[in-house]
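# Examination of the molecular architecture
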Amino acid sequence: MRTLVILGGGTAGTMAANKLRDRLDAEDWRIVVVDKDDNHDYQPAYLFVPFGINKAKHVRRSRHAFIDDGIELLMGEIDRVDPEGKQVHLADGRELNYDYLVIATGTTPRPDQTPGMLGPEWRKSVHDFYTYEGMLALKKALKEFRGGRLVMHITEMPIKCPVAPLEFSFLADWYFTKKGLRKATEIVYVTPLDGAFTKPVASRELGHHLSKRGIKVEPDFMIESVDQEAKVIRSYDEREIAYDLLVTVPLNMGADFVARSGLGDELNYVPVDKHTNQSTAYPNIFALGDGSNLPTSKAGSVAHFSVEVFVENFLQLVAGQPMTHSFDGHANCFVESGKNKALLLDFNYETEPLTGHFPFPVGPMSLLKESRTNHMGKLAFRHVYWNVLLPGRPMPLPAEMSMFGKKVETEPASA
């Protein structure tokens with residue numbers, strides 16, 4: 001019997017385990033999923049709970065509920081991987097032998113990596129929203145906020161769900177407008193990028209939405225430290241931005257065991273072939289989801305589409321055949337913009353987010369344009385996530401991006 005060990009029971013790890021359990025003979029294959037606890041969070045709701053769009057009860061469920069029968073789920077901290085010996089060492093001394101290994105342990109905010117970010121004001125006047133605890137603390141802070149300067153700050157790319165800081169800014173504008181506090185609240189969007197987003201067309205469109213809401217953009221800001229006493233953030237080029245309430249996206253990093261195992265880059269992400277998710281160092285190791293160094297968004301859609309490709313390739317690999325399927329970097333992201341509207345981005349390695357419409361069977365949905373249909377699609381995805389995506393059921397979304405409906409600009413747009 002051969003053994004597949006999957007480290008991480010989040011989106012990518014759970015999908016991969018469930019899909020492969022259906023396709024691999026149970027008499028020939030043992031599948032083991034390892035995670036530190038039994039909490040599976042629907043992470044897109046981290047952003048919604050502070051604004052009252054979702055409730056905390058909508059976020060968290062048991063991992064066991066989504067792992068199919070015939071898959072072993074082990075709880076434990078991962079100490080390290082021995083890729084030469086094909087073993088996973090857990091912190092409590094347990095050892096797992098494997099024939100194939102999937103690393104799907106995601107990415108984690110690391111406020112400890114920025115001087116001054118952690119301190120007595122952490123989750124008082126300095127907040128994050130990419131964690132369960134941070135989400136709850138920020139909800140309380142927003143409820144108590146009575147005006148002043150609200151700074152939405154990104155430390156460095158890549159980050160989990162790169163549109164989420166934009167969504168926070170749009171939703172904050174709407175939230176304080178409804179509370180009658182918008183005129184008393186200055187919202188500043190601080191980014192290490194040279195604009196609102198990473199690609200020209202998307203950056204232009206999203207920057208326009210920030211501008212029309214009166215949200216100031218501070219680009220090219222590489223943070224050096226947070227001074228919680230003075231309530232300012234400082235950049236390496238000695239700029240200072242004052243805040244009354246700071247909402248920050250700390251440096252994102254992969255799991256520490258990846259570094260201890262010698263499997264990661266400087267941010268603990270596993271270097272992989274961008275088309276197969278196969279480790280560039282070990283052919284029997286793959287990295288899925290946010291834990292890899294794929295040059296695309298760390299987003300749930302990337303996990304979904306890349307897992308679809310991985311499963312087909314893995315079945316070929318273990319049958320002794322060449323892997324013939326290729327992931328194109330496909331990602332799509334709803335961008336909640338307030339007033340019960342949202343935008344939609346669809347792109348891949350080669351094609352940036354463009355305007356136009358997302359094709360059927362899901363569409364037509366407007367791309368890079370606000371609509372209520374997009375908002376409803378984002379809200380509906382929570383049901384799809386729990387009931388279709390995680391169990392590994394088929395979805396009417398091809399892994400490969402389609403150009404159907406997209407508008408390719410041949411000339412620069414007028415200002």
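With that settled, the discussion passes to the confidence of the model for the chain. Per-residue pLDDT for the chain averages 94, and the proportion of residues at 70 or more is 97%. Contacts from residues 411–415, a stretch scored under 50 in pLDDT, to residues over four places away or in other chains number one contact.

A few words now on the pattern of salt bridges. Pairing between side chains of opposite charge can happen when their charged atoms approach one another. Tallied over the entire structure, the rule returns 25 salt bridges. With a closest N to O distance of 2.7 Å, Asp41 and Arg60 form a salt bridge. With Asp41 in strand 3 (residues 39–41) and Arg60 in strand 4 (residues 60–62), this pair connects stretches of sequence that are 19 residues apart. Residue classification places Asp41 among the buried residues on the basis of a relative accessible area of 11%. One salt bridge in this structure joins Lys406 and Asp346, with 2.9 Å as the shortest N-O distance. Here Asp346 lies in strand 22 (residues 341–347) and Lys406 lies in strand 25 (residues 406–407), a separation of 60 residues in the sequence.

Attention shifts here to empty space enclosed by the protein. This model, assessed by the stated rule, comprises one cavity of 30 Å³ or more. Quantified by volume, the largest cavity comes out at close to 60 Å³. The wall of the largest cavity is formed by Gly289, Asp290, Ser292, Asn293, Leu294, Thr296, Ser297, Lys298, Ala299, Val302 and Ala303. Looking at the lining of the largest cavity residue by residue, the classes come out as four nonpolar, five polar and two charged.

There is a patch of like positive charges on the surface, built from Lys55, Lys57, Lys139, Lys143, Arg146 and Lys179. Secondary-structure assignment places Lys57 in the loop between helix 2 (45–48) and strand 4. Since its relative accessible area comes to 65%, Lys57 is described here as exposed.

What follows deals with the sheet that holds strand 17 (residues 240–242). With respect to topology, three strands assemble into an open sheet ordered 15-16-17, the strand pairing being antiparallel. Every interior strand has two partners, whereas the edge strands, strand 15 (223–227) and strand 17, have only one. Strand-to-strand twist in this sheet, taken as the mean axis angle between neighbours without regard to direction, amounts to 20°. Bridge analysis of strand 15 against strand 16 (residues 232–235) gives four bridges, and the strand direction is antiparallel. Its bridge partner lying in strand 16, Ile223 is registered against Ser235.

For the rest of this paragraph, the subject is the pairing of strand 12 (residues 148–154). Burial runs high along strand 12: six of the seven residues are buried. Here six bridges tie strand 12 to strand 13 (residues 185–190), and the two strands are oriented parallel to one another. When the sheet's bridge partners are listed, Val151 is paired in strand 13 with Val188. Remark: the strand 12/helix 4 (residues 164–178)/strand 13 crossover connection has right-handed handedness.

Our next topic: the sheet that holds strand 18 (residues 245–249). Read from one edge of the open sheet, five strands run 11-18-12-13-14, paired in parallel fashion. Each of the sheet's edge strands pairs with one partner strand only, and the pair in question is strand 11 (126–127) and strand 14 (216–218). For strand 13 and strand 14, the ladder comprises three bridges, and the chain directions are parallel. Bridge pairing links Val190 to Glu218 in strand 14.

Thresholds applied
Residue indices follow the written sequence of each chain, beginning from 1 at its first position. Note on the predicted model: pLDDT of at least 70 is required for a residue's local features to be given, and 80 or more for side-chain atom pairs to be given and counted; whole-chain, interface and lining totals, by contrast, use all residues. Just so you know, side-chain values use all the structure's heavy atoms and leave hydrogens and water out. Every residue gets a pLDDT, meaning the predictor's confidence in that residue, from 0 to 100. Whether two residues touch is decided by their heavy atoms; if any such pair falls within 4.5 Å, the residues are in contact. Whenever Lys or Arg places a side-chain nitrogen within 4 Å of a carboxyl oxygen from Asp or Glu, that contact is recorded as a salt bridge. Helix and strand labels come from DSSP, where a helix needs a run of H or I of at least four residues and a strand needs a run of E of at least two; each type is numbered from the N terminus. Burial here depends on accessible area, computed with a 1.4 Å probe over protein chains only, as a share of the maximum for the residue type. Under 20% is buried, over 50% is exposed, and the range in between is partly exposed. Every definition here rests on a 1 Å grid over the protein atoms only: cavities are sets of points where a 1.4 Å probe fits but cannot get out, pockets are open sets enclosed by protein on both sides within 12 Å along at least five of seven lines, and lining residues have some atom within 4 Å of a point. Grid points are joined across faces, edges and corners, and a volume is the space filled by probe spheres set on the points. Ten residues, namely Ala, Val, Leu, Ile, Met, Phe, Trp, Tyr, Cys and Pro, are considered nonpolar, four, namely Asp, Glu, Lys and Arg, are considered charged, and the remaining ones, Gly among them, are considered polar. Patch criteria: residues need more than 30% relative accessible area and no salt bridge. Like-charged residues are merged within 9 Å; nonpolar side chains of Val, Leu, Ile, Met, Phe, Trp and Tyr are merged within 5 Å. Per-residue and other accessible areas follow the Shrake-Rupley method at a 1.4 Å probe size, with only the shown protein chains counted as cover for residues. Positive charges come from Lys and Arg alone, negative charges from Asp and Glu alone, with His and the N- and C-terminal ends not counted. Taken as the charge location is NZ of Lys, CZ of Arg, CG of Asp or CD of Glu. Following DSSP output, two strands are said to pair if at least two bridges run between them. Angles here are taken between N-to-C directions and fall from 0 to 180 degrees, while the axes themselves are lines fitted to C-alpha atoms, restricted in helices to the stretch in contact. By convention, a crossover is right-handed whenever its connection, traced from the first strand over the helix to the second and viewed with the strands pointing away, goes clockwise.

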